[in-house]
Amino acid sequence: MSTLHLLVLAPFIMAIFVPFFYKGFRRIHTGWFVLALPLLLFIYLLRFIPIGEPLQVVKETMDWVPSLGIGFNIYLDGLSLLFALLITGIGTLVVLYSIFYIANKKDEPLNNFYVYLLMFMGAMLGVVLSDNLIVIYVFWELTSLASSLLIAYWFHKEKSRYGAQKSMLITVTGGFAMLAGFCLLYIMTGTFSIQGIISFFAESGAIFNEALFLPAMILILLGAFTKSAQFPFHIWLPDAMEAPTPVSAYLHSATMVKAGIYLVARFTPVFGGTPEWFWIITSFGLLTLIWGSISAIRQVDLKAILAFSTISQLGLIMALLGLGSASFIDNVAEVAIIAAIFHLINHATFKGSLFMVVGIVDHETGTRDIRKLGGLMAIMPITFTISIIGIASMAGLPPFNGFLSKEMFFTGVLEATTLNIFNVQTLGFIFPIVAWIASVFTFAYCMIMFFKTFTGKYQPEKLEKKAHEAPIGLLISPIVLASLVVIFGLFPNMLSYTIIEPAMQSVLPYVSDPYINIYHWHGFNAELFMTIGVVLFGTVVFLNLKRWQETTFFLHERDPLNRFYDGGLEGLVAGSQRVTNLQLTGLLRDYFAYMMVFMILLLGWTFFRYDAVAFNFVDVSEISPYLWIITLALIAATISVPFIQHRVTAIIVVGVIGFLIALLFVVFRAPDLALTQLLVETVMVVLFLLCFYHLPELRKESFKARFKMTNLIISVGMGAIVTLIAFSAHAARHGLSFEPISQYFVENSVPLAGGYNMVNVILVDFRGLDTMLEVLVLGVAALGIVALIKLKMKEGQDI
Amino acid sequence: MNNIVLLPVLIPFLVGVILILFRNQLPIQRFVSGVTTLGLVGISAYITYLIYQDGIITLELGNWPAPFGIVLVGDLFASIMVVFASIVAAACLFFAFQTLHPDREKYYFYPFFFFLLTGVNGSFLTGDIFNLFVFFEVMLISSFVLIVMGGTKYQLRESFKYVVISTFGSMFFVIAVALLYSVTGTLNYAHLAERVAEAAQQGQSGILTVIAILFLIVFGLKGALVPLHFWLPNAYFGPPTAIAALLGGLLTKVGVYSIMRTHTLIFTHNQDFTLTIILILAGLTMFFGVIGAVSKFDFKRILAIHIVSQVGYMIMGLGIGTTMAIAGSIYIITHNMIVKTALFLFCGATEKVTGTTNLKKMSGLLKTHPYLGWLFFVAAISLAGIPPLSGFFSKFALVLGGLEAERYFIVFVSLVVGLLTLFSMVKIFMYVFWGSPSLSPEEVKKTKVGKLLIPGIPLVIISILMGILAEPVYLLFEAAANQMLDPSIYINSVIKE
Amino acid sequence: MEILMILTVGVLVSVSTYLLLTKSLLRVVLGIVLLSHAAHLLFLTMAGLKEGAPPLLGEEAASYADPLPQALILTAIVIGFGVTAFLLVLSYRTYKEHKTDDLEKLRGSADE
């Protein structure tokens, strides 16, 4: 157990103490206790950042379940360090923000909040720091769990519960698929270690089951896409906005949704370089990008705009990773990877700050509806300033970091069109077009956010609270993030070789000494014209907003794909009810019918398959005449039973059958058996008469002919099957020559057990346990009957 | 030390008989029962330890040599099952102390409880197929009595159906034994294993496969495989929760155990056929079971129908047939015994609080009874297979084992069913525990559930431990699986003695 | 002999399953009784109906009928008796509580 292991486990351990802090120190906001942890972790991680020299990869191992190939192994390289810093850094800011955002009221279950949050933090750290696929999966599902719990923090609200269930179902589906994909990788390579898998595939002569490669890829991508809200799985993210804003800022913009991106980046060395990986990721990424940005325009809730914006931006990063995977074949695509990493960082800064701003607006005015907001510029100047920085960066305006990464995005997309592989020549022109259109809409929604909230007329009558500037505590975190936006915008190269390059090494391991230089002015190139075009057309879209909103597609905020999800769930429940009612009808006869048909079919099929029917008419014993009489009488009596209407007659006929069988036992030289049968049958008939005397007469059952015919067929079938098996067993018996174990009893009954009646000796001595238990059965039956007769309770008298 | 393997059968039997005499002295009954069940847990754990160290323990009853007399055989699989059966029984017993109506207690509940346990433990430990029938009957008659005890209208009606279906199965059990004895001339498992293998080689594998399928059907009926599961949902809904939990945790597992035992030990020929059939049935069972759970909106009913779905997972491992898969099966059987019982007990606690099991009539319990809510939550996600709890590792062993054996479709089905399991568990959680509280604060004060939760807490802890400490647990199950996959180990322990 | 007996068993099984498929409590119980008769008869038949003395060693015969199945059937008969007796009382009580012996009426609804 190394320090890094403790780093991952620390949040979980802290979470155990949170309820004590909460109960013990009610006056102090629990968040203050929690704040220390992510701060410490962040500071600890800072020392891994390489200044001047290359990054030292840190590996630590710890066995967990070696028999199943699962080990808690840590692997800290550039990519995981980047994410870990994001998780702990933004985590610190979010906890600080939450202290002022969620008031320490009496009924507010703060301990729940921080337990979930810490659980998430630890799980997320586990995802990015683990080298073992199954351990990643374990932490992955824990993040889904924590996220759902956080979304349903205010679980008395229906929408919160809906959002939590949706996010859980969608992300866990992806999780299960991912698990299957991981297992397939294991089967191909023999290990669960990511680094091991990478080196396995790097070897040119590696032998593996090629048929599993593509399925593994698709399954793992399912996991990544569901977690990172790619189309069409993005529908959970807008509903996740029910969570308190600190949660949205942390999980649903900066960290959890980036887990899928982390996964794609991590697996690029494994799957990258193949056309499927390239096309699937790029297309879904671009599709998500454009769908998200167009959907954002329709929204009236500030948080929803941000949600769709996040979806869109995630698509952007995903698309870049897809394009960049071509680097394995043609290095011109490397810039896409650099852009992806850089934008990852930038997005976290500006989106985080914007979510916090929206939270402030919500907190201070009581609403997030842009139709009710306006003119807050004068009332909340600091918030306004922060938001300008964030929005401008998101829109891609200089001199902020968003501008830089947007330009790099365009570069990456344009460079990709020059690739001569994977059929890009034919279809590649789509990339810049989609990218550009999406950016236009991105610009438009940025303008919506800005103008509708801060400029325009202040409408206090529509607001629930009297709006005022936020308390300083609430402002600290967004200010920090906004400052980063500015700093990274002005001095981007401070990140180049400290964070971006090491991360790039993880994604593209073959690259050595890449040249990364980020700066604002590249001259009048295509990217610049694209940006100018975006600004112009974006403004046009914004000004014509009313017109857009009249088209049906834009009338509703809700994503049309939700219809599939909701309908699907309802259909599932309805369908399952129908299926279940079909089987569990409550009617005993139906149950028997289903079971017997199943038996006949299965046994019949087995017979047929193995050609096992056999008859042996040779080794049979002689039939004496009175045997004929008894048997025929037996058969006649049996067949008559279903036709009897009189209950007493029926009981007596069955009794007669029993006696006839006793006679048969006599003929078959089984005297003890005959005695027992006689006794039992007699008592049975008496019991029957006792019980059924009080019951009504058997009616002639008036059923449809079809009902009776089905019953007849089934019962004849059952009889036939049993007969067939018996014949075949009989034949088999004479085909083999096993000496039955009863021979031992014949030989040893007298000398060892001292008895002449072998059957009795078996019952009492050789197989005495059976007899003891049989008596026990009788005893239980007797006591049960007593209880049955005496105890008559009403429903619900106990539980 | 081979008399010890009789204790899990003998002790409950004697205690049960003694308790009949103390019908009306409830405190004595409770005290003796509690001590006995806890003692059983300890003894069976010790037996498992012995077997792990020294190998299979056998006991020839009456000193009659195998295969002529009846033998009790304690191998790892059997003793693991006995341990977990004892744990389940202990938990349900302590829950019953607090929830069972005194009338039921006076009418021989405790003796029946112990006779049920006798039958269950005996079924696990026996080495003789007719003896298995007799132990089954002991178990079944006790279950009949427990299910119907109290005699409410619902119980009577549904128990009738259950008893008839079960007896139907028992009769076919007799038929199957008759056929097997006719072909092989013996009743002892080890001896049967030898003779069946010989007979198969002599060209009689066809009829033996038919007999094997017949046994599969019989045990499948006891174990509630689809399409033989119809008796289960309503039969478990009727009795009080303590009894439903007890039966749910034990009865079907005996059926599953018997299938696994006969198909790894005796019917080892033509396995590409028999195991495929088992795999198909596993898939059907998993699927239709979970569909049933999705369709219901009653807490107790969902849990009852769910048992069917989980049974599917249990035999899935057998159908795949590799060591990892069978270890996964054992893992999932034991995990299920623990977690399902815990869920039932929490359902019972909820019933005590709200007076109903209808999901639509309760809400918001998380706020008023947080401990109950969180305990339920942990148990529920464990059932659904969320890591790092016991449910995950058991499912993982099955998934990995299945993929390694290239049984892709069944793995796909199992993952889909896992999702639907999660869906149905979340549904319960959302209806019952989330939402605004349906109970007023005065009602909350009246219903203290603290003590009711006590039997469930060790179960949840065990589930967590079985997850985090998956390595030693898995090693134990793997050893059991290895023992099962090599019939000669069993045969040599029994017959050469 | 065996052929005749096996056919008889087949008839017994057919009739008993037919009775099990009916909707009246009494008929179902009778069906169970007949099924158990069938099972016992089958056991004896399958174990061999060869000529031989009854399994009483006092007879000092050359060969004996197989004693083991007889013992087993005996056990099965007694167990069956216990179960059937319980079943009888159960059906009696069910009728008394529900006032009907028609299984169609004893379905119960899906959610009750």
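Residues numbered from 1 in each chain as written. Chains lettered and ligands numbered in written order. Predicted model: local features only at pLDDT ≥ 70, side-chain atom pairs only at ≥ 80, totals over all residues. Heavy atoms only, no water.

Q: Just checking my understanding: could you explain the overall build of chain A for this structure?
A: A count of helical and extended segments in chain A gives 32 helices and four strands. For a compact globule of 799 residues, the expected C-alpha radius of gyration is about 28 Å, and chain A comes in at 38 Å, more than 25% above that figure. In terms of overall dimensions, chain A has a C-alpha envelope of 115 × 70 × 55 Å along the principal axes. Counting the 799 residues in chain A, one finds 62% classified as buried. Across chain A, contacts joining residues at least 24 apart in sequence account for 78% of those joining residues at least 6 apart. Across chain A, 45 positive and 48 negative side-chain charges occur, with their mean positions spaced 13 Å apart. (Helix = DSSP H or I, 4+ residues; strand = E, 2+ residues; numbered from the N terminus. Rg over C-alpha atoms; globule rule 2.2 N^0.38 Å. Buried < 20%, exposed > 50% of the residue type's maximum accessible area, 1.4 Å probe, protein only. Contact = heavy atoms within 4.5 Å. Lys, Arg positive; Asp, Glu negative; His and termini not counted. Charge placed at Lys NZ, Arg CZ, Asp CG, Glu CD.)

Q: Looking at this model, I keep getting lost on the overall build of chain C. Mind explaining?
A: On a plain count of helices and strands, chain C comes out with three helices and zero strands. When the elements of chain C are put in sequence order from the N terminus, they spell out α-α-α. For chain C, whose C-alpha radius of gyration is 19 Å, the value lies well above the compact-globule estimate of 13 Å for 112 residues. With the C-alpha coordinates of chain C rotated into their principal frame, the extents come out at 65 × 25 × 20 Å. When each of the 112 residues of chain C is scored for burial, the buried share is 77%. Contacts in chain C between residues far apart in sequence, at least 24 positions, make up 51% of those at least 6 positions apart. Surface exposure of chain C reaches about 2700 Å², of which carbon and sulfur atoms provide 55%. Across chain C, the centroid of the 8 positively charged side chains sits 15 Å from that of the 11 negatively charged ones. (Areas by Shrake-Rupley, 256 points an atom, 1.4 Å probe, with all protein chains shown as cover.)

Q: Before we go on, may I ask you to explain the interface of chain B and chain A in this structure?
A: Interface size, as often reported, equals the accessible area lost upon joining of the parts. On the side of chain A, 106 residues touch chain B, which itself brings 124 residues to the contact. Together, B:Trp64, B:Phe68 and B:Phe230 form the three largest contributors to the area buried by chain B at its contact with chain A, with a combined 8%. Viewed at the interface, chain A and chain B are joined by one salt bridge. The closest approach of N and O atoms between A:Arg767 and B:Asp128, which form a salt bridge, is 2.7 Å. Taken together, the residues of the side of chain B that touches chain A break down into 82 nonpolar, 27 polar and 15 charged. (Buried area = accessible area lost by both parts, 1.4 Å probe. Salt bridge = Lys/Arg side-chain N within 4 Å of Asp/Glu carboxyl O. Nonpolar A, V, L, I, M, F, W, Y, C, P; charged D, E, K, R; others polar.)

Q: Whenever I open this one, the side chain of C:Arg93 confuses me. Can you help?
A: Within the element layout of this structure, C:Arg93 appears in helix H3 (residues 67–98). For C:Arg93, the residues in contact, after removing those within four places along its chain, are A:Leu788, A:Ile789, A:Leu791, A:Lys792, B:Gly151 and B:Leu156.

Q: Whenever I open this one, the pairing of strand E1 (residues 57–60) of chain B confuses me. Can you help?
A: The side chains of a regular strand alternate between the sheet's two faces. Residue and element names in this part refer to chain B. Burial along E1 is two-sided: Ile 57 and Leu 59 and Thr 58 and Glu 60, pointing in opposite directions, are all buried. Inspection of the sheet shows E1 paired to strand E2 (residues 71–74) by four bridges, in the antiparallel sense. Each bridged residue has a counterpart across the sheet, and for Glu 60 the counterpart in E2 is Val 71. (Pairing = 2+ DSSP bridges.)

Q: What am I meant to see in the interface of chain A and chain C here?
A: In this complex, chain A contributes 101 residues to the contact, which on the side of chain C involves 80 residues. Of the roughly 8400 Å² buried between chain A and chain C on both sides combined, carbon and sulfur atoms contribute 78%. Looking at the side of chain A facing chain C, the largest losses of area belong to A:Phe668, A:Arg669 and A:Leu788, adding up to 8% of the total buried there. Where chain A packs against chain C, one counts zero salt bridges.

Q: Honestly, the side chain of A:Thr453 in this entry has me stumped. Any pointers?
A: Residue and element names in this part refer to chain A. Take Thr 453: it is sitting in helix H19 (residues 430–454). By relative accessible area, which is 2% here, Thr 453 ends up buried. Leave out the neighbours within four places in its chain, and Thr 453 touches Leu 302, Val 361, Leu 373, Gly 374, Gly 375, Leu 376 and Ile 448.

Q: For this particular structure, what's the right way to read the layout of surface pockets?
A: Leftover empty space is mapped by rolling, across the atoms, a probe with the size of a water molecule. All names here are of chain A. In this structure, the second largest pocket occupies an estimated 960 Å³ of space. Lining of the second largest pocket is provided by 31 residues; of these, Lys 157, Met 241, Glu 242, Asp 301 and Arg 368 occupy positions nearest its centre. Looking at the lining of the second largest pocket, the elements with two or more residues in it are helix H6 (158–189), helix H9 (236–239), helix H13 (302–324) and helix H14 (334–365). For the lining of the second largest pocket, the class distribution of residues is twelve nonpolar, five polar and 14 charged. (1 Å grid on protein atoms, 1.4 Å probe; cavity = no way out; pocket = protein on both sides within 12 Å on 5 of 7 lines; lining within 4 Å. Points joined across faces, edges and corners; volume = space filled by probe spheres on them.)

Q: Please clarify how unusual backbone geometry should be interpreted in this entry.
A: Among all residues except glycine, the phi angle is most often negative; among peptide bonds, the trans geometry is most common. Residue A:Pro232 is bonded to the preceding A:Phe231 through a cis peptide linkage, with omega at -5°. Summarising the element assignment, A:Pro232 is placed in the loop between helix H8 (213–227) and H9. Residues B:Val226 and B:Pro227 are joined by a peptide bond in cis, for which omega reads 0°. As for its placement among the helices and strands, B:Pro227 is situated in the loop between helix H7 (189–223) and helix H8 (232–237). Here B:Tyr108, not a glycine, exhibits a phi torsion of approximately 70°, which is positive. Summarising the element assignment, B:Tyr108 is placed in helix H4 (residues 102–125). A positive phi angle, close to 65°, is found at B:Glu406, a residue other than glycine. Here B:Glu406 lies in the loop between helix H15 (390–404) and helix H16 (408–432).

Q: Explanation requested: helix H2 (residues 25–46) of chain C in the structure shown.
A: Residues spaced three or four apart along an α-helix point in a common direction, a consequence of the helix completing one turn every 3.6 residues. Residues and elements named next belong to chain C. Here H2 contains 22 residues, and its C-alpha end-to-end distance of 32 Å stays within 8% of the 32 Å for a straight helix at 1.5 Å per residue. Burial analysis of H2 places 22 of its 22 residues in the buried class, the great majority of the element. Backbone geometry just after H2 places Gly 48 at a positive phi near 110°. (Expected span 1.5 Å × (residues − 1).)

Q: Would you explain the packing of aromatic side chains in this entry?
A: Both the distance between ring centres and the angle between the ring planes are used here to describe each pair of aromatic rings. This structure, assessed with the given rule, holds 83 aromatic pairs over all chains. Consider the rings of A:Phe451 and A:Phe542, whose centres lie 5.4 Å apart with planes at 25°: the pair is stacked. Within this pair, whereas A:Phe451 is found in helix H19, its partner A:Phe542 is found in helix H22 (residues 526–543), the two being separated by 91 residues in sequence. Classification of A:Phe451 as partly exposed rests on a relative accessible area of 33%. Judged by centre distance (6.5 Å) and plane angle (80°), the rings of B:Tyr107 and B:Tyr108 are edge-to-face. Through pairs of rings, three or more aromatic residues link up here, namely A:Tyr116, B:Phe299, B:Trp374, B:Phe376, B:Phe377, B:Phe429, B:Phe433 and B:Trp434. A cation sits over an aromatic face here: A:Arg609 above A:Tyr610, 5.0 Å from the ring centre. (Phe/Tyr/Trp six-rings, centres within 6.5 Å; stacked < 30°, edge-to-face > 60°. Lys NZ or Arg CZ within 6 Å of the ring centre and 35° of its normal.)

Q: Got a minute to help me understand the pattern of salt bridges in this structure?
A: Pairing between side chains becomes possible if they bear opposite charge and their charged atoms approach one another. One pass over the full model with this rule turns up 13 salt bridges over all chains. B:Glu105 is paired through a salt bridge with B:Arg30; the nearest N and O atoms lie 2.9 Å apart. Separated by 75 residues along the polypeptide, B:Glu105 in helix H4 and B:Arg30 in helix H2 (residues 26–54) bring together distant segments of the chain. Among the ionic contacts, a cluster of salt bridges with common partners joins A:Asp301, A:Asp362 and A:Arg368.

Q: What's the story with the packing of helix H5 (residues 129–148) of chain B against helix H6 (residues 153–184) of chain B in this structure? I'm lost.
A: Between two packed helices, both the angle of their axes relative to each other and the distance between the axes serve to describe the pair. Residues and elements named next belong to chain B. Between H5 and H6, the shortest axis-to-axis distance is 10 Å and the interhelical angle comes to 175°. Between H5 and H6, the interaxial angle falls into the category roughly antiparallel. Between H5 and H6, the contacting residues are Ile 129, Phe 130, Leu 132, Phe 133, Phe 136, Glu 137, Leu 140, Ser 143, Phe 144, Ile 147 and Val 148 on the first element and Gln 155, Leu 156, Ser 159, Tyr 162, Val 163, Ser 166, Thr 167, Ser 170, Phe 173, Val 174, Val 177 and Leu 180 on the second. Residue classes in the contact of H5 with H6 are distributed as 16 nonpolar, six polar and one charged. (Axes fitted to C-alpha atoms, helices over the stretch in contact; angles between N-to-C directions. Parallel < 35°, antiparallel > 145°, perpendicular 65-115°, else oblique.)

Q: So what exactly am I meant to see when it comes to the environment of B:Lys352 here?
A: Residue placement: B:Lys352 occurs in helix H12 (residues 323–354). Judged by relative accessible area, B:Lys352 falls into the partly exposed class, the value being 43%.

Q: When you look at the environment of A:Met318 in this model, what are you seeing that I'm missing?
A: Residues and elements named next belong to chain A. As for its placement among the helices and strands, Met 318 is situated in helix H13. Look at Met 318 and you get buried, because its relative accessible area is 0%. For the pair Met 318 and Gly 719, spaced 401 residues apart in sequence, the C-alpha to C-alpha distance is 65 Å. When residues no more than four places from it in sequence are discounted, the contact partners of Met 318 are Phe 225, Ser 228, Gln 230, Gly 260, Ile 261, Val 264, Ile 281 and Gly 285.

Q: Quick question: what am I supposed to make of the state of the cysteines here?
A: Linking two cysteines covalently via their sulfur atoms produces the bond known as a disulfide. Going through the model one piece at a time under the given rule, you end up with zero disulfides over all chains. With no disulfide of its own, B:Cys92 lies 12 Å from the sulfur of B:Cys347, the closest cysteine sulfur. (Disulfide = S-S within 2.5 Å.)

Q: Sorry, what's going on with the confidence of the model for chain C here?
A: Should the pLDDT be low somewhere, the predicted coordinates at that spot are not to be read in detail. For chain C, per-residue confidence averages 85 on the pLDDT scale, and 94% of positions sit at 70 or higher. Both scores are given for the predicted complex: the pTM is 0.91, the ipTM 0.94. (pLDDT = per-residue confidence, 0-100.)

Q: What's the story with the packing of helix H4 (residues 110–129) of chain A against helix H5 (residues 133–151) of chain A in this structure? I'm lost.
A: All names here are of chain A. In contact at an axis separation of 8 Å, H4 and H5 are set at 155° when each is read in the N-to-C sense. In terms of orientation, H4 and H5 fall into the roughly antiparallel class. The two elements H4 and H5 meet at a crossing, and its hand is left-handed. Residues Phe 113, Tyr 116, Leu 117, Met 119, Phe 120, Gly 122, Ala 123, Met 124, Gly 126 and Val 127 of H4 form the contact with H5, whose participating residues are Ile 136, Phe 139, Trp 140, Leu 142, Thr 143, Leu 145, Ala 146, Leu 149 and Leu 150. Partitioned by chemical class, the residues of the contact of H4 with H5 number 16 nonpolar, three polar and no charged. (Left-handed = near helix turned anticlockwise from the far one by under 90°.)

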